[in-house]
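Single-letter residue listing:
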Amino acid sequence: MSENKLLDLSFEFAVAIVNLVDGVTAPKSSYMIDQLSRAGTSVGANIYEAQYAQSKKDFISKLEIALKESNETSYWLKLMFETKRIDVKSYQYTEKLCGNIRRLLIASCKTAKAKNETY
């Protein structure tokens, strides 16, 4: 595990999302699978991109996008679970990861904004 827990968790989450959507076999689920895979993998992509932000404002923006994508991912996970496209174990595991990432993102955004205001 690297020094950045958020990077590690977001990559683990992306892997979990890819494995989850690859396992969905329910008919007529492609639109939900597409939305879930895009939002779920976007979380980590934006967190990774934030590491090379051009400014503090850009850094905060990337983290806020990741936060929005994590919220959207939770929506699609819940919808897929409630419509029986994914099982309870898969739902609970991915939603827990998503929640952990969301909490870290909220804290990171608050910290970055507070530091940005002091400069």
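Quick note: structure is the one above.
First things first, this report covers the structure right here in the doc. (Residues numbered from 1 in each chain as written. Predicted model: local features only at pLDDT ≥ 70, side-chain atom pairs only at ≥ 80, totals over all residues. Heavy atoms only, no water.)

### Describing the overall build of the protein
Right, on to step 1. For the protein, the helix and strand inventory stands at four helices and zero strands.
Right, on to step 2. Ordered by position in the sequence, the α and β elements of the protein form the string α-α-α-α.
Right, on to step 3. Rg of the C-alpha trace for the protein: 15 Å, near the compact-globule value of 14 Å for 119 residues, within the 12% margin.
Right, on to step 4. Each principal axis of the C-alpha distribution contributes one length, and for the protein these read about 55 × 25 × 20 Å. (Helix = DSSP H or I, 4+ residues; strand = E, 2+ residues; numbered from the N terminus. Rg over C-alpha atoms; globule rule 2.2 N^0.38 Å.)

### Some details on the environment of Thr111
Right, on to step 1. Along the chain, Thr111 turns up in helix 4 (residues 88-117).
Right, on to step 2. For the pair Thr111 and Met80, spaced 31 residues apart in sequence, the C-alpha to C-alpha distance is 33 Å.

### Notes on the side chain of Ser70
Right, on to step 1. In this structure, Ser70 sits in helix 3 (residues 56-82).
Right, on to step 2. Residue Ser70 is classed as buried on the basis of its relative accessible area, which comes to 0%.
Right, on to step 3. If we ignore the near neighbours within four places in the chain, the residues touching Ser70 are Val43, Cys98, Arg102 and Leu105. (Buried < 20%, exposed > 50% of the residue type's maximum accessible area, 1.4 Å probe, protein only. Contact = heavy atoms within 4.5 Å.)

### Describing the environment of Ser37
Right, on to step 1. Mapped onto the fold, Ser37 is located in helix 2 (residues 30-50).
Right, on to step 2. In sequence terms Ser37 and Asn19 are 18 residues apart; their C-alpha atoms lie 9.8 Å from each other.
Right, on to step 3. The residues contacting Ser37, other than those within four sequence positions of it, are Ile17 and Val21.
Right, on to step 4. Reaching out from Ser37, the side chain makes a polar contact with the backbone oxygen of Asp34 at a distance of 3.1 Å. (Polar contact = N/O pair within 3.5 Å; in protein donor to acceptor, adjacent residues only side chain to side chain.)

### Observations concerning the packing of aromatic side chains
Right, on to step 1. Following the criterion strictly, the structure yields two aromatic pairs and no others.
Right, on to step 2. Centroid distance Tyr75 to Trp76: 5.1 Å. Interplanar angle 80 degrees. Geometry classified as edge-to-face.
Right, on to step 3. For Tyr75, a relative accessible area of 49% translates into the label partly exposed.
Right, on to step 4. Measuring from centroid to centroid gives 4.6 Å for Phe81 and Tyr91, while their planes differ by 10 degrees, and the two rings are stacked. One end of the pair, Phe81, is in helix 3; the other, Tyr91, is in helix 4, with 10 residues separating them in the sequence. (Phe/Tyr/Trp six-rings, centres within 6.5 Å; stacked < 30°, edge-to-face > 60°.)

### Remarks on the nonpolar core
Right, on to step 1. The biggest cluster of nonpolar side chains holds 28 residues, and the ones touching the most others in it are Leu36, Ile47, Ile101 and Leu105.
Right, on to step 2. Of all the elements in the fold, those that place two or more residues in this core are helix 1 (5-23), helix 2, helix 3 and helix 4.
Right, on to step 3. The biggest single contributor to this core is helix 1, with eight residues.
Right, on to step 4. Once you skip the residues sitting within four places of it in the chain, Leu36 turns out to touch Ile17, Leu20, Val21, Thr73, Trp76, Leu77 and Met80. (Core = buried A, V, L, I, M, F, W, Y, C linked by side-chain atoms within 4.5 Å.)

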